[in-house]
Amino acid sequence: MESTLTTKTEGGQQYHSQDETCVGDISWTPEEERKVVRKVDLRLIPTVWLMFVISWMDRSNLGNAKIAGLNADLHLSSTDYSLAIITFYFGYAFCGPLSNLIITRVRPSIYFAGLMVVWGIATCCMGAVKTFPQLLVLRIIVGIFEGGLTPGVYFVISSWYVPAEQAKRAAFVLSAVLLGGAFGGIIAGAVTGGLEGRYGIRGWRWLFIVEGIITIIWAMIAGFILPDFPATCRHFTPEEKRIATSRLRNCGTNIGDNQSDGLRLGKVQSIKLALSDWRTWGVAGGIGLCGCATVLPYFYPTLVNGLGYKEHVTAQYMTVPIWAVAFVCALSSGFIADRIPNHRAAFIAGWSGFAAIISIVVCVVEEYKARYILLIFQGCGVWTCISLGVAVATTTFQDMRPEVRAISVSLPQAVGNAANIYGAYLFPQEHAPRYLAGFVVITVTLAAGSLLFALVDLGLSRRRKVLA
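Just so it is clear, the structure is predicted and the values come from calculations on it, not from any experiment.

Draft legend 1. Main features of a nonpolar patch on the surface. Residues Ile357, Ile360, Val361 and Val364 make up a contiguous nonpolar surface patch of about 360 Å² in total accessible area. Inspection of the secondary structure assignment puts Ile357 in helix α14 (residues 344–364).

And the structure:
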């Protein structure tokens, strides 16, 4: 902050204000700043929140379709089902960083809407598949186009908000994934149960069709609501744009040349700079280890079904409390983390360790109801780690140029989601009902993630002391 004392002229008289912030020749009051932030909040956060809800439903509906007859109708083995999960993550994990190379050069509002339309169409088409290869191809398409959403959204968040504002917003946006799981279970139960056999179409096919149509409709609406970047957003006045960009500079955010004079780093140079920074690998490694547990939602219906809830609609509904409790926990943790912005990584280390301990207990306990309750607590730890991990990424890389930050923000997402490639094989049907091997692997990765995030916190603390 350059100054909190500014001079203004009004009615030919100069006056000083202790309540204004001045950066260069631009000044603003706290109320003007709050107005800009509120405007961003209203346009960006609810819109991408609903996009994330829909994204997660389209991604995880395979688990609900499985117990509603997908496997039987397409004659899928347990290995086939795991492969259907993996093919999604190949595209999803590896296209995220490539997509973020594009987003710094285009309008995010149009780009995100376009991604949603394509994967919505592919989701609808999944309702018509007749063979396993057709399912794989469509899962790959959905994965490729969904892959650009999450890292792109978090890059846009880091381009609008100062570090102290990001954790609760990142947690709120990612909470959409948790409610997406809850809504997905409710919608799956209603659709597969209520539309089963309607017009000669199986309930699991209706599930893909209904959710795909919802995706396309919201994509068309979202394109008109979403803001672009602070310096170029058509929804903001010139004065609001100046305040938005200046307050970012004021807190040390590198807004870069892509929003001012048109000069940009090259793609290869951006990638090299991102990969040469230890922070990128530290955060990516931590999220990657914790991310292994995010494969659990694909198996929640199966796990709950195996724990004693045999009717598929009941099993789908019984996944809802797992998501709902995790939502509350992750969101409240985001608000707490913004109060200790320099130690978010340590906060994650604690939650990851908690989830690892719960996972150990799940391996030991055999009673159905107890394991169900433990799954709820484990979900709290896992999803809080992921939501806060995103905030650590966006704030840790805040001083990087936008092109470099776009890559560094996307790599933890890529590594975390790549963990689902091997995670898809952790819960084969023959391991029912305890699924011991799967929970052992998740225990180890969560414990390792806890250790790595603790080391990241120490490294970041040391870096701040050196730069001070």
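Additional details are given in the paragraphs that follow.
Draft legend 2. Quick peek at the packing of aromatic side chains. Under the definition given, this model contains 15 aromatic pairs. Look at Phe88 and Tyr92: their rings are 5.2 Å apart centre to centre, the planes differ by 20 degrees, and that puts the pair in the stacked class. In this pair, Phe88 and Tyr92 are both assigned in helix α2 (residues 78–103), four residues apart and thus about one turn of the helix distant. You'll find Phe88 and Tyr92 in the same group, each marked buried. Joined through ring pairs, the aromatic side chains of Trp56, Trp323 and Trp383 make up one cluster. Above the face of the Phe236 ring, Lys39 is positioned so that its terminal group lies 4.8 Å from the ring centre.

Draft legend 3. Spatial organisation of the confidence of the model for the chain. Mean pLDDT for the chain: 83, with 87% of residues reaching 70 or above. For the chain, the element scoring lowest by mean pLDDT is strand β2 (residues 13–17), at 38; helix α3 (residues 108–126) scores highest, at 95. Below a pLDDT of 50 lies the segment residues 257–262, which in the model reaches twelve contacts outside its immediate sequence neighbourhood of four places, other chains included.

Draft legend 4. The arrangement of the side chain of Ser99 in detail. Mapped onto the elements, Ser99 comes out in helix α2. Polar contacts involving the side chain of Ser99 include one to the side chain of Tyr111, which spans 2.6 Å. Filtering out sequence-adjacent residues up to four positions away, Ser99 remains in contact with Tyr111 and Gly148.

Draft legend 5. Up close: the packing of helix α10 (residues 278–291) against helix α17 (residues 436–467). Where α10 contacts α17, the axes come no closer than 8 Å and their chain directions differ by 155 degrees. Taken together, the axis directions place α10 and α17 in an arrangement best described as roughly antiparallel. Of the two elements, α10 crosses α17, and the hand of that crossing is left-handed. Along the contact surface, α10 presents Trp278, Arg279, Gly282, Val283, Gly285, Gly286, Ile287, Leu289 and Cys290, while α17 presents Thr445, Leu446, Ala448, Gly449, Leu452, Phe453, Val456, Gly459, Leu460 and Arg463.

Draft legend 6. Geometry of the state of the cysteines. Scanning the entire structure with this criterion turns up zero disulfides. Not engaged in a disulfide, the cysteine Cys329 finds its nearest cysteine sulfur in Cys380; these two sulfurs lie 4.3 Å apart. For Cys329, a relative accessible area of 13% translates into the label buried.

Draft legend 7. Representation of the packing of α2 against helix α5 (residues 149–160). Relative orientation of the contacting elements α2 and α5 amounts to 40 degrees, with a least axis distance of 8 Å. Between α2 and α5, the angle is such that the two are oblique. Note that α2 runs across α5; the crossing there is right-handed. Touching Tyr92, Gly96, Asn100 and Ile103 of α2 are Thr150, Pro151, Gly152, Phe155 and Val156, all from α5. Classifying every residue of the contact of α2 with α5 gives five nonpolar, four polar and no charged.

Draft legend 8. The nonpolar core, seen in detail. Membership of the largest hydrophobic core comes to 133 residues, with the highest contact counts inside it found for Leu44 and Phe112. With 18 residues, the single largest contributor to this core is helix α1 (residues 30–74). Those residues within four positions of Leu44 in sequence are excluded, and the remaining contacts are Val156, Ile157, Trp160, Tyr161, Leu226 and Pro227.

What counts and how
- Residues numbered from 1 in each chain as written.
- Predicted model: local features only at pLDDT ≥ 70, side-chain atom pairs only at ≥ 80, totals over all residues.
- Heavy atoms only, no water.
- Patch = residues over 30% accessible without salt bridge, like charges linked within 9 Å, V, L, I, M, F, W, Y side chains within 5 Å.
- Areas by Shrake-Rupley, 256 points an atom, 1.4 Å probe, with all protein chains shown as cover.
- Salt bridge = Lys/Arg side-chain N within 4 Å of Asp/Glu carboxyl O.
- Helix = DSSP H or I, 4+ residues; strand = E, 2+ residues; numbered from the N terminus.
- Phe/Tyr/Trp six-rings, centres within 6.5 Å; stacked < 30°, edge-to-face > 60°.
- Buried < 20%, exposed > 50% of the residue type's maximum accessible area, 1.4 Å probe, protein only.
- Lys NZ or Arg CZ within 6 Å of the ring centre and 35° of its normal.
- pLDDT = per-residue confidence, 0-100.
- Contact = heavy atoms within 4.5 Å.
- Polar contact = N/O pair within 3.5 Å; in protein donor to acceptor, adjacent residues only side chain to side chain.
- Axes fitted to C-alpha atoms, helices over the stretch in contact; angles between N-to-C directions.
- Parallel < 35°, antiparallel > 145°, perpendicular 65-115°, else oblique.
- Left-handed = near helix turned anticlockwise from the far one by under 90°.
- Disulfide = S-S within 2.5 Å.
- Nonpolar A, V, L, I, M, F, W, Y, C, P; charged D, E, K, R; others polar.
- Core = buried A, V, L, I, M, F, W, Y, C linked by side-chain atoms within 4.5 Å.

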